[in-house]
Amino acid sequence: MCQTDKLRSKLNQRRKECISKLQDLSKQQEKKAEFDSKLDEESGLMKAATDLKSMDIVLKERPNRALLKENYYYFNCFNCFKPLLQNQTYYCFRCSQVQFCSYHCLDQSWQSGHSYFCLHLNIFKHLPFEDVFRYPPLLALLNLLSFDLDQIFEDLRKGNLINLFHDLSEFSENEHENFKMAQNAAFLLVYLTNVKRLPPKQDKIEWKYNIELFALLIMIYLQKFEKETTVITCIKLDEPIDKTESKVLEEFELGYGIYSRLNCIKHACCPNAFISSFNGQEIIVRSVSNLTKDTVITIDHGINCKTFTCEERQAKLLNSFGITCKCEACLNGQEPVSKAYLCSNCSGPVIAKCLECGQANSLDLEESEETVKSTIRNVRQASLLLIRSDPDFRRAEDYLLDSFRRLKTILYPSNRHFLQICEGLSYCYKKMRDYRLSYIYAKQAMKCAEQNDHPGVTFFNTLLKLIQRQKAFIDFVKKREKENEKGYNELFKEALGSIDENIKKAEKQLCYLSTNLDTEYFKNLLKELKL
């Protein structure tokens, strides 16, 4: 054997060892995730398997079935959602509508249901009532067709699958919505029976009886998966228009998935866990606070007490999921500060009444809402001025300051409408080299971001801007020797004392969001911002 062959043999052996070690590490990680939460057989709820600290991983799970969003058919693998590499793509050999990253993914997708709809993916655009769906009905049908239909029909005739109907009792009260869903189900039934000759024929039973059961199953699954589908998101780096600003994170919807263990987690409007990120199709759920062993794990369905009022939450949960929520937040009437008006008596947050002094809202709501709408138009005008090729910072400042002053008299300081205004003002003052005001408005924007949602992309972007404004303000004060000057000294001490803590918070937050993201840019940026 020549030297080249010996070297090749050693490299192949080393490669196998590395792959084996990586697989072992992956299995260990999966086992760890399993131990973080467990399914209680009696209640059917997920509980903490061990004591958990804040931001610990509660659950990692790959979907039973996933579907790529149509916008990304030519950019991501239809099967595994990985970004496609140039000159390394595999088109579906029949329809050429979707692409894959490997032949393995192509074959896997074909076997798991693409064969039923290849060449006919556009039929879902011609449904009689397409607007009734929040999520693509194709996902529900792919899941249904993955089962043994003969066995399901037999179990239905014996009454063994009564649990299929249990979750739809409250969800199916809207007759108008049911009629629309039934029309869609009939349309899809015609396609599957005439074009694909489904369901499979049986010797002892007439085909028409199986078709009746098949129609029932399609209707059930279309409704069932409206409740159980989860949006799969992806995070990427976004280049700012102003090249002097740092890059930001942008979150977008990549597809949809069905997660069996995730669907066992109970809903709560003020949950103790949240969906932190996605690693491709794999979902990662983390704890919000410390949890003791056997604590019931809860998440929100995108409807929480930080974003929606109690009345809005009840209506949305009932209409979308058939849930009458009786969580602690709803029973206590917990309201979102991010939507609060300003109390004229104690300057506290007001929804229907003040959350601090209990006084009823004395504002004219119609007039207040009209004021908010007009100020939002001003904010949009300011945004257009800032993204022009020749930005007009003075006019943008006038629009934003006018909006801020008008809203300040009617809205609570942490109201969500202040976030964009304060970020815009902070940017304007940075470009106008007023680093003190730039930092003050960045702090106000951060307070709004903290009240609006769980730590995520918006929270991280706002925190990163705050750190940059802090650093610019500190450098300016040191350079001009204004440490002891009135109006600067207290703010300077506060900035010095909190910048390191904010950087640590940003680094920690980055770890939670970095499953499928190249974070080297932000790591280097945060190193540069350290004092």
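Right above here is the structure, for reference.
Before going into details, it helps to say that this report is about the structure given with it. As the structure is a prediction and not an experimental result, all values here were calculated from the model.

This brings us to the layout of surface pockets. Reported here for the second largest pocket is a volume of approximately 810 Å³. Forming the boundary of the second largest pocket are 30 residues, of which L386, I387, E423, Y427 and K465 lie nearest the centre. The element best represented in the lining of the second largest pocket is helix α12 (residues 417-431), accounting for six residues. Partitioned by chemical class, the residues of the lining of the second largest pocket number 13 nonpolar, seven polar and 10 charged.

Below, the discussion takes up the sheet that holds strand β4 (residues 65-68). Across the sheet, three strands lie side by side as β4-β8-β7; this open sheet has antiparallel pairing. With partners counted over all chains shown, the strands left at the sheet margins are β4 and β7 (229-238), one partner each. With direction set aside, neighbouring strand axes in the sheet form an average angle of 40°. With 10 bridges connecting them, β7 and strand β8 (residues 248-258) associate as antiparallel partners. Paired with D238 across the strands is V248, a residue of β8. Contacting β4, β7 and β8, helix α3 (residues 137-145) runs over the sheet at an angle of about 145° to β4.

Among the surface-exposed residues, D364, E366, E367, E369 and E370 lie close enough to one another that they form a single negatively charged patch. Relative to the elements of secondary structure, E369 occurs in helix α10 (residues 365-386). Residue classification places E369 among the partly exposed residues on the basis of a relative accessible area of 41%.

This part covers the packing of helix α11 (residues 393-408) against α12. Where α11 contacts α12, the two axes come as close as 9 Å, and the packing angle between them is 145°. The chirality of how α11 crosses α12 is left-handed. On α12, the residues that touch F393, A396, E397, L400, L401, S403, F404, L407 and K408 of α11 are H417, F418, I421, C422, G424, L425, Y427, C428, Y429 and K431. When the residues that make up the contact of α11 with α12 are grouped by side-chain class, the tally is 13 nonpolar, three polar and three charged.

Basis of the calculations
- Residues numbered from 1 in each chain as written.
- Predicted model: local features only at pLDDT ≥ 70, side-chain atom pairs only at ≥ 80, totals over all residues.
- Heavy atoms only, no water.
- 1 Å grid on protein atoms, 1.4 Å probe; cavity = no way out; pocket = protein on both sides within 12 Å on 5 of 7 lines; lining within 4 Å.
- Points joined across faces, edges and corners; volume = space filled by probe spheres on them.
- Helix = DSSP H or I, 4+ residues; strand = E, 2+ residues; numbered from the N terminus.
- Nonpolar A, V, L, I, M, F, W, Y, C, P; charged D, E, K, R; others polar.
- Pairing = 2+ DSSP bridges.
- Axes fitted to C-alpha atoms, helices over the stretch in contact; angles between N-to-C directions.
- Contact = heavy atoms within 4.5 Å.
- Patch = residues over 30% accessible without salt bridge, like charges linked within 9 Å, V, L, I, M, F, W, Y side chains within 5 Å.
- Areas by Shrake-Rupley, 256 points an atom, 1.4 Å probe, with all protein chains shown as cover.
- Salt bridge = Lys/Arg side-chain N within 4 Å of Asp/Glu carboxyl O.
- Lys, Arg positive; Asp, Glu negative; His and termini not counted.
- Charge placed at Lys NZ, Arg CZ, Asp CG, Glu CD.
- Buried < 20%, exposed > 50% of the residue type's maximum accessible area, 1.4 Å probe, protein only.
- Left-handed = near helix turned anticlockwise from the far one by under 90°.

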